[in-house]
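Each chain, written out:
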Amino acid sequence: MNEAEKKSYLERYKQKKQNGEYFWPDSIAKDAIVSLMIFMLLLGLAIFAGVPSEPPANPSDTSYIPRPEWYFLWMFQLLKYFPGKLEGIAIVGLGLLIVIGLFGLPFFDRSPKRHPLNRPVATIAMSLIVIGIVFLTIQAVVTTPPQAEALDLGADLASRVEAGGALFQEHCAECHGADGEGAEITSSPGDFTDPLNSEDFLVTRSRDTIFQVISFGQPGLGMQAFGLPYGGQLTDQEIRVIVDFIESWYVSPEEEAAGPDLSLIETPSYAQHVQPILDKRCASCHSRRLKGNFSVVGYDNFMTTGDNAPVIIAGDAANSILVQMLHGVKTDAGGQMPPARALRADQIQLIERWIDQGAQNN
Ligand code: HEC
Ligand code: HEC
């Protein structure tokens, strides 16, 4: 800076200072207004846009791709250009260089000129940095694969159950039946899966247990792993809605008590009225697991199997072992059936009517 320049600079500086503003209250007022505006903006964003939160963290989910917030994406991208050990140099070294540069700025940028056009080196350097950051950020967004498509866990239960139902039909129904009632396993004919929709299953398995079984499978029993971490094809989110679907089969004692009154059905049908009760309440122990060698899979088995067969005497409900057990009367064949919770009175009476009317396969 030559003498003339210095003089005019000092002159202007003096002038500015003379008719200058006061820090209090002039500057403070300006600051306060801008602060308030930013605060209102944040408040508005918080109220109307909300926090972009991801699903709860899950340590067993290996499909999750961790990534930094958007304003760090450029660094994230930068790392990709420095292989292996060089990463450290890139992040620490580059950062250090920039900070040292900033400290040195007053020593090498001593021109009094403030207009960007009068400061080509600084302007170009800064532009390059900004362009670089924008470029790297875009590059990072474009090249990162999207997070595995997430089902909205916040959705209401009904839509989760619906989504879970669709996935169940696609992946599970062939081995577990459309309603989880159990089905013949195609790969080993003659083998059936236990019902998943039975009270027995649903009461004794927690959501977590069901989740783990689906995710990890039961390799020894012929159930493959479905979770991505174990080589399956379902995300944790998808398995969670399947669990919601499975849980939706559970009918609590209160709900069951409120079920349709069967006492109005004069001539019960086996297929329409009896079998559904057996599927729901008996099959978990009397289909694949043949407790007492008694099977409720199909009419013929129902009528003929059991260590104490026949347990049903057509036309004589009162003397049928099965009916006695339904009433909780202890017989040689065992105690109350189902052991945990007796059938509703009108369900038992319906089965009695059906037996008294000849126990037809109707
Ligand atoms: C290839 C046939 C097959 C497919 C497909 C299959 N499973 Fe299984 N699953 C089995 C077998 C076999 C078992 C062993 C227990 C049994 O026989 O009931 C089993 C067991 C289970 C169990 C534990 C049962 C218990 O009594 O503890 C659950 C829960 C289950 N499967 C859910 C599912 C779900 C949900 C799907 C779909 C995502 C699915 N399974 C797909 C064959 C299959
Ligand atoms: C939680 C498992 C479980 C459920 C659910 C269950 N049972 Fe049983 N059942 C058993 C066991 C165990 C035995 C054998 C009892 C014994 O030998 O002491 C048995 C035995 C029987 C027998 C005697 C078979 C024979 O010939 O010895 C009949 C009949 C029977 N159950 C009917 C039913 C009916 C009907 C239902 C549904 C309404 C039902 N059970 C539900 C576990 C169950």
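Residues numbered from 1 in each chain as written. Chains lettered and ligands numbered in written order. Predicted model: local features only at pLDDT ≥ 70, side-chain atom pairs only at ≥ 80, totals over all residues. Heavy atoms only, no water.

Undergrad: Can you help me understand the overall build of the protein chain in this one?
TA: When helices and strands are tallied, the protein chain shows 16 helices and zero strands. Based on the C-alpha atoms only, the size of the protein chain along its principal axes is roughly 125 × 50 × 30 Å. For the protein chain, contacts bridging at least 24 residues in sequence account for 58% of all contacts bridging at least 6. Carbon and sulfur atoms make up 64% of the accessible area of the protein chain, which amounts to about 23700 Å² in all. Looking at the protein chain, you have 27 positive and 42 negative side-chain charges, and the mean spots of the two groups are 22 Å apart. (Helix = DSSP H or I, 4+ residues; strand = E, 2+ residues; numbered from the N terminus. Contact = heavy atoms within 4.5 Å. Areas by Shrake-Rupley, 256 points an atom, 1.4 Å probe, with all protein chains shown as cover. Lys, Arg positive; Asp, Glu negative; His and termini not counted. Charge placed at Lys NZ, Arg CZ, Asp CG, Glu CD.)

Undergrad: Explain the packing of helix H12 (residues 270-281) against helix H16 (residues 345-356) to me, please; I cannot follow it from the model alone.
TA: Two quantities define a packed helix pair, namely the angle between the axes and the distance from one axis to the other. Where H12 meets H16, the axes come as close as 11 Å, and the angle between the chain directions of the two elements is 130°. Classified by the interaxial angle, the pair formed by H12 and H16 is oblique. Both H12 and H16 take part in a crossing whose hand is left-handed. Here Tyr270, His273, Val274 and Ile277 of H12 come into contact with H16, specifically with Gln347, Leu350 and Trp354. (Axes fitted to C-alpha atoms, helices over the stretch in contact; angles between N-to-C directions. Parallel < 35°, antiparallel > 145°, perpendicular 65-115°, else oblique. Left-handed = near helix turned anticlockwise from the far one by under 90°.)

Undergrad: It is not clear to me how the coordination of the iron atom of ligand 2 should be interpreted in this structure. Could you clarify?
TA: Put simply, the ideal angle at a metal is 109.5 degrees for four donors in tetrahedral geometry and 90 or 180 degrees for six donors in octahedral geometry. His286 (NE2) and Met337 (SD) make up the full set of protein donors to the iron atom of ligand 2, lying at 2.0 to 2.2 Å. Coordination at the iron atom of ligand 2 is octahedral, judged from the six donor atoms that bind it and the angles of 85 to 178° they form at the metal. On the criterion of sequence distance, the pair formed by His286 in helix H13 (residues 283-286) and Met337 in the loop between helix H15 (321-326) and H16 is long-range, its members being 51 residues apart. For Met337, a relative accessible area of 24% puts it in the partly exposed group. (Donors = N, O, S within 2.8 Å, 3.2 Å for Na, K, Ca; no water. Tetrahedral: all angles 85-135°; square planar, octahedral: opposite > 155°, others 65-115°. Buried < 20%, exposed > 50% of the residue type's maximum accessible area, 1.4 Å probe, protein only.)

Undergrad: Honestly, the domain arrangement of the protein chain in this entry has me stumped. Any pointers?
TA: Often, the extent of an interface is quoted as the loss of accessible area upon association of its parts. For the protein chain, the domain assignment lists domain 1 (63-146), domain 2 (157-247) and domain 3 (259-356). A separation of 49 Å is found between the C-alpha centroids of domain 1 and domain 2. (Domains from an automatic or database assignment.)

Undergrad: Would you mind going over the site of ligand 1 with me for this structure?
TA: In the vicinity of ligand 1 lie 21 residues, with Cys172, Cys175, His176, Asp194 and Met223 positioned nearest. One nitrogen or oxygen atom from the side chain of His176 is found 2.7 Å from a nitrogen atom belonging to ligand 1. For ligand 1, an oxygen atom lies 2.8 Å from a polar atom in the backbone of Asp194. Every element with two or more residues in the shell around ligand 1 is listed here: helix H7 (173-176), helix H9 (207-216) and helix H10 (236-247). Along the lines of polarity and charge, the residues of the shell around ligand 1 split into 13 nonpolar, five polar and three charged. (Near = heavy atom within 4 Å. Polar contact = N/O pair within 3.5 Å; in protein donor to acceptor, adjacent residues only side chain to side chain. Nonpolar A, V, L, I, M, F, W, Y, C, P; charged D, E, K, R; others polar.)

Undergrad: I'm lost on the packing of helix H6 (residues 157-171) against H10 in this one. Help?
TA: Running from N to C, H6 and H10 cross one another at 100°; their axes reach a closest spacing of 7 Å. The orientation of H6 with respect to H10, classified from their angle, is roughly perpendicular. Along its contact with H6, which presents Leu157, Arg160, Val161, Ala163, Gly164, Gly165, Leu167, Phe168 and Gln169, the element H10 presents Glu238, Val241, Ile242, Asp244, Phe245 and Ile246. Partitioning the contact of H6 with H10 into residue classes produces nine nonpolar, three polar and three charged.

Undergrad: What is the right way to look at the coordination of the iron atom of ligand 1 in this model?
TA: All of the protein donors around the iron atom of ligand 1 are His176 (NE2) and Met223 (SD); their distances to the metal are 2.0 to 2.1 Å. For the iron atom of ligand 1, the six donor atoms in the first shell make angles of 87 to 178° at the metal, a pattern classed as octahedral. Placement of His176 in helix H7 and of Met223 in the loop between H9 and H10 is noted, with a sequence separation of 47 residues between them. For the pair formed by His176 and Met223, the shared burial category is buried.

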